[in-house]
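Here are the chains, one letter per residue:
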Amino acid sequence: MATAILGISAYYHDSAAALIIDGEIVAAAHEERFTRKKHDSSFPINAVKYVLEEAGIETSELTAISFYDKPFIKFERLLETYHAFAPKGLPSFLLSIPVWIKEKLFIKKLLRDELAKLGIEKTPLLFPEHHLSHAASAFYPSPFKNAAILTIDGVGEWATTTTGYGEGHEISIMKELHFPHSLGLLYSAFTYYTGFRVNSGEYKLMGLAPYGDPKSPQTIDIKKKILEELVDIRKDGSLLLNMKYFKFATGLRMTNDKKWTKLFGIPPRNAESEISQPYMNMALAIQQVTEDIILSMAITAKELTNCDNLVMAGGVALNSVANGKLMTAGIFKEIWIQPAAGDAGGALGAAYLGWHLWKGEERPLINKPDSMKGAYLGPEFDDRSILSVIRKYNANYEYYDDFDELTKVVAAIISQGYVVGWFQGRMEFGPRALGNRSILGDARNPDMQKKMNLKIKYREGFRPFAPTVLEEDIHEYFEWDVTSPYMLHVMPVKKERLFSLPENYNEMSLYDRLYFVRSDIPAITHIDNSARIQSVNKATNPRYWKLITEFKKQTGYGIIVNTSFNVRGEPIVCTPDDGFRCFMRTEMDYLVIGNYLFAKSKQGELVNDSNWKEEFKLD
């Protein structure tokens, strides 16, 4: 009988479920994609139902269920922290401890109650540690027989960073950094202070950093004060936070705002207010500090393990700018990062630990490029589901028997400056859309970034967009020739493609800099002439590869803009119904679901006449 291990992460943020059968990943999904609640932390009942259905197994066939951390140790950390900082933190204590006593402390019972609703009652429950789950999610699906392992996030139970080593089916943790000293929480403190939401706005802070002026005395001063007052960084990358500046240990906010204002001379920014240059400089300063710390941690991991390979997970591993710097530093010959590096990926790591450590099973043959199946691990939908949406909304459509013919039409649409919702195959696992739940545009179009941000995504205009490039063409566009299938590395755009900048460029306003045409692929060239690359492989995603290949035939460019199929504040779409409603609520021009093509008129209404192909000049 097959061994089926169900992994679960829940109750903090980004709940998810993952299923491994005899060591192979069968399915994985975020709960938010089903409930439509961004970063949903509830028990992932819908995700669990999905992964079991995808595998075609009954609940009685589960061998074990593995939860991604140890709640008792986390509760111990809370109590010890409040005791250490007493009498500070009393309001926070009075709010959080009753919740823990009523709910989170008794997670085993809570899990049993939720699982009982699914008919799961006597299946063994496993509770690996949080950072071990991260480490497992990074090492086991990687293409390496052995690797150094680096996990960095806010906090698990006690650990905030771990350095380990994986070989065969064994993982050993060699070094830990403990709460409250945390790189993830340091970065989140700046996320909060610059006006973004903690646990979801960190990538906005990363995107804001290039607008900072590296030569500005203010930027240099902020960085100096971070290093002298906020954090003591050791040679090995470990760090000590000066807790008089922080309130996350016992308070209801991240920072001591009065002390930060006095230290930096910059008040905390109100969310949604205008972003002025001091906050851009602050973002750049903390990004530089973060990159330096990660490089030091990687050097230490290399020294401890003497290994040529590195794998990474934890929320900080999603900092694609730092990842790019790490890749080019040459500390390791090869680096692999778990695409679902945050807490959702902990469900996958927990499931792997059930198979390899609890059952003691060896790793199978190492898969190239990895065992993640391109991260296409979520639900897919057949034509019947699409036709149901068509009937529900009385939508007119064009159906293509020949997918190659459809790619010719869609490539032409994109080349004409239109924006296309692209919905194909299995949904991605992790925070990035990788060509199955994506919104696409022409990277050559200088107006595309503005159009996508303000009229389709309804988000901050400064936010950059990522390119998808044919794997075989990476070197044509970037100072880089290594694959990046999961959009986890920021690299420079090729110098030959860049245009010269005016002398007063750094004095220009944020949006004047943003909309200045810097290259022949301006929609994906960030203001520091970099881009967060996704390379697409013909074998991993043949449909997406065909579309971009056709676009290249028509335009000479094997590269397009790819952003996630959602609007600000909502999860990536999951079902055809999600996709169609998102399409109609935004100023997206076209929608492709499977082999079905939908169009809007220039007034933004769905085209419902038989002449729409002629109207939009599609041959």
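So, a few notes on the structure that sits alongside this text.

How each quantity is defined
- Per chain, residues are indexed from 1 in the order of the written sequence.
- Local features are withheld for residues below a pLDDT of 70 in this predicted model, meaning they are given only at 70 or higher, and side-chain atom pairs are given and counted only at 80 or more; totals for whole chains, interfaces and linings count all residues.
- Note: side-chain values were computed over all heavy atoms of the structure, leaving out hydrogens and water.
- What makes two strands pair is DSSP finding at least two bridges between them.
- Numbering of helices and strands runs from the N terminus; a helix is a DSSP stretch of H or I covering at least four residues, while a strand is a stretch of E covering at least two.
- Angles run from 0 to 180 degrees between N-to-C directions of axes, and those axes are lines fitted to C-alpha atoms, restricted for helices to the stretch in contact.
- An angle below 35 degrees is treated as roughly parallel, one above 145 as roughly antiparallel, one from 65 to 115 as roughly perpendicular, and anything else as oblique.
- Two residues qualify as a contact provided that any one of their heavy atoms is within 4.5 Å of a heavy atom in the partner residue.
- Charged residues are taken to be Asp, Glu, Lys and Arg, nonpolar residues to be Ala, Val, Leu, Ile, Met, Phe, Trp, Tyr, Cys and Pro, and polar residues to be all remaining types, Gly included.
- By convention a nonpolar core is built from buried Ala, Val, Leu, Ile, Met, Phe, Trp, Tyr and Cys residues, the set being connected through side-chain atoms within 4.5 Å.
- When a residue's accessible area, from a 1.4 Å probe over protein chains only, is under 20% of the maximum for its type it is buried; when over 50% it is exposed; and in between it is partly exposed.
- Contacts described as polar in this section are N or O atom pairs within 3.5 Å, which, within protein, must combine one atom able to donate a hydrogen with one able to accept it, while residues neighboring in sequence count only if both atoms come from side chains.
- What makes a salt bridge here is a side-chain nitrogen of Lys or Arg within 4 Å of a carboxyl oxygen of Asp or Glu, nothing more.
- Expected helix span is given by 1.5 Å per residue-to-residue step, counting one fewer step than there are residues.
- Stacked, edge-to-face and tilted are the three classes for Phe, Tyr and Trp ring pairs, Trp counted by its six-membered ring, which pair at centre distances within 6.5 Å; planes under 30 degrees apart are stacked, over 60 edge-to-face, the rest tilted.
- Look at NZ for Lys and CZ for Arg. If either is within 6 Å of the ring centre and within 35 degrees of the ring normal, a charge sits over the ring.
- What the arc covers is the set of directions going from the helix axis to the C-beta atoms.

Right, let's talk about the sheet that holds strand S2 (residues 16-21) for a bit. Backbone-to-backbone hydrogen bonds join strands into a sheet, with any given pair of strands oriented parallel or antiparallel. Taken in spatial order, the five strands line up as S3-S2-S1-S4-S5 in an open sheet, and their pairing is mixed. Bordering the open sheet on either side are strand S3 (24-30) and strand S5 (125-126), each of which pairs with just one other strand.

Contact geometry of helix H7 (residues 183-193) with helix H11 (residues 277-305) gives a least axis separation of 10 Å together with a crossing angle of 175°. Relative to H11, H7 is oriented roughly antiparallel. Note on element contacts: H11 touches H7 through Tyr279, Met282, Ile286, Gln287, Thr290, Ile293 and Ile294, opposite Leu183, Leu186, Tyr187, Phe190 and Tyr193. Tallied by class, the residues present in the contact of H7 with H11 amount to 10 nonpolar, two polar and no charged.

Turning our eyes to something else, we now look at the pairing of strand S8 (residues 170-178). Relative to S8, strand S7 (residues 159-167) is paired through eight bridges, and the arrangement is antiparallel. Its bridge partner lying in S8, Ala159 is registered against His178.

Spatial ordering of the open sheet is given by S13-S21-S20-S14-S15-S19-S16-S18-S17, a layout of nine strands whose pairing is mixed. Since the sheet does not close on itself, it has two edges, and those belong to strand S13 (398-399) and strand S17 (489-492), each with one partner. In this structure, strand S16 (residues 466-470) lies alongside strand S18 (residues 530-536), joined through three bridges in parallel fashion. When the bridges of S18 are listed, Val469 appears paired with Ser535. In this fold helix H12 (residues 320-329) packs onto S17 and S18, with an angle of close to 65° to the strand it touches most, S17. Along the sheet, helix H15 (residues 403-415) contacts strand S14 (420-423), strand S15 (437-441), strand S20 (590-593) and strand S21 (596-599); its crossing angle with S14, the most-contacted strand, is approximately 150°.

With that settled, consider the nonpolar core. Membership of the largest hydrophobic core comes to 169 residues, with the highest contact counts inside it found for Phe190, Ile226, Phe246, Phe264 and Phe478. The greatest single-element share of this core, amounting to 12 residues, is contributed by H11. Contact partners of Phe190, with chain neighbours within four places excluded, come to Leu205, Ile226, Leu230, Trp260, Phe264, Met282 and Ile286. Counting residues in hydrophobic clusters, the runner-up holds 32 residues, among them Val26, Tyr50, Leu52 and Phe67.

At the junction of Phe179 and Pro180, the peptide bond is cis and its omega measures out at 10° in the coordinates. Along the polypeptide, Pro180 turns up in the loop between S8 and H7. Phi angles above zero are rare outside glycine, and Lys373 is one such case at about 55°. Exposure remark for Lys373: the relative accessible area of 36% places this residue in the partly exposed category.

Here Asp370 shows up in the loop between helix H13 (343-358) and helix H14 (383-393). Of note is the side chain of Asp370, whose polar atom sits 2.8 Å from the backbone nitrogen of Met372. A polar contact of 2.8 Å, which involves the side chain of Asp370, links it to the side chain of Tyr486. In this view, Asp370 contacts Pro141, Pro143, Trp336 and Tyr486; residues no more than four positions away in its chain are not counted.

Another aspect to go through is the pattern of salt bridges. Pairs can form between side chains of opposite charge once their charged atoms are near each other. Using the criterion set out here, one finds 25 salt bridges in the structure. With its nearest N and O atoms 3.1 Å apart, the salt bridge here joins Lys175 to Asp236. In this pair, Lys175 is assigned in strand S8 and Asp236 in the loop between strand S9 (231-233) and strand S10 (239-241), connecting sequence segments 61 residues apart. The class of Lys175 is partly exposed, set by a relative accessible area of 33%. Residues Asp292 and Lys223 are paired through a salt bridge, measuring 3.6 Å at the closest nitrogen-oxygen approach. Here Asp292 is found in helix H11, whereas its partner Lys223 is found in helix H9 (residues 217-230), with 69 residues between them in sequence. With a relative accessible area of 39%, Asp292 lands in the partly exposed category. When its relative accessible area of 22% is taken as the criterion, Lys223 is described as partly exposed. Members of the salt-bridge network, linked through shared partners, are Arg36, Lys392, Asp577, Asp578 and Arg581.

Moving on, we come to the packing of helix H6 (residues 130-139) against H13. Contact pair H6 / H13: the axes reach a minimum separation of 7 Å and the direction vectors enclose 85°. Classified by the angle their axes make, H6 and H13 are roughly perpendicular. Residue-level inspection shows His130, Leu132, Ser133, His134, Ala136 and Ser137 of H6 in contact with H13, the latter providing Asp343, Gly345, Gly346, Gly349, Ala350, Tyr352, Leu353 and Leu357. For the contact of H6 with H13, a count of residues per class yields six nonpolar, seven polar and one charged.

Summarising burial for S16: five of the five residues are buried, a large majority. Taking every second residue as pointing to the same face, both faces of S16 are buried, with Ala466, Thr468 and Leu470 on one and Pro467 and Val469 on the other. Pairing between S16 and strand S19 (residues 559-564): four bridges, direction antiparallel. Counterpart to Val469 in the pairing with S19 is Ile559.

A separate point is helix H19 (residues 542-555). The periodicity of an α-helix, 3.6 residues per turn, causes residues three or four places apart in sequence to face the same way. Compared with an ideal rise of 1.5 Å per residue, which puts 14 residues at 20 Å, H19 spans 20 Å between its outermost C-alpha atoms and is within 8% of the ideal. At the exit of H19 stands Gly556, carrying a positive phi of roughly 90°.

This part takes up the packing of aromatic side chains. Within the structure shown, the criterion is met by 25 aromatic pairs. An aromatic cluster of three or more residues is present, and its members are Phe179, Phe190, Tyr193, Phe246, Phe248, Trp260 and Phe264. Lying over the aromatic face of Phe139, Arg363 brings its terminal NZ or CZ to 4.2 Å of the ring centre. When the ring centre of Phe423 is taken as reference, the NZ or CZ atom of Arg437 above it lies at 3.8 Å.

Further remarks concern the environment of Val420. Locating Val420 in the fold gives a position in strand S14. Residue classification places Val420 among the buried positions, given a relative accessible area of 1%. The contacts of Val420, once residues within four sequence positions are left out, are Val410, Ile413, Ile414, Ser438, Ile439, Leu440, Met588, Tyr590 and Val592.

In this model, H9 (14 residues) spans 19 Å end to end at C-alpha, consistent with the 20 Å of a helix rising 1.5 Å per residue. All of the buried residues in H9 are Thr219, Ile222, Ile226 and Leu230. The buried residues of H9 all sit within an arc of 60° when viewed along its axis, so they share a single face. Turned more than 90 degrees away from the buried face of H9 sit Pro217 and Glu228, all of them exposed.

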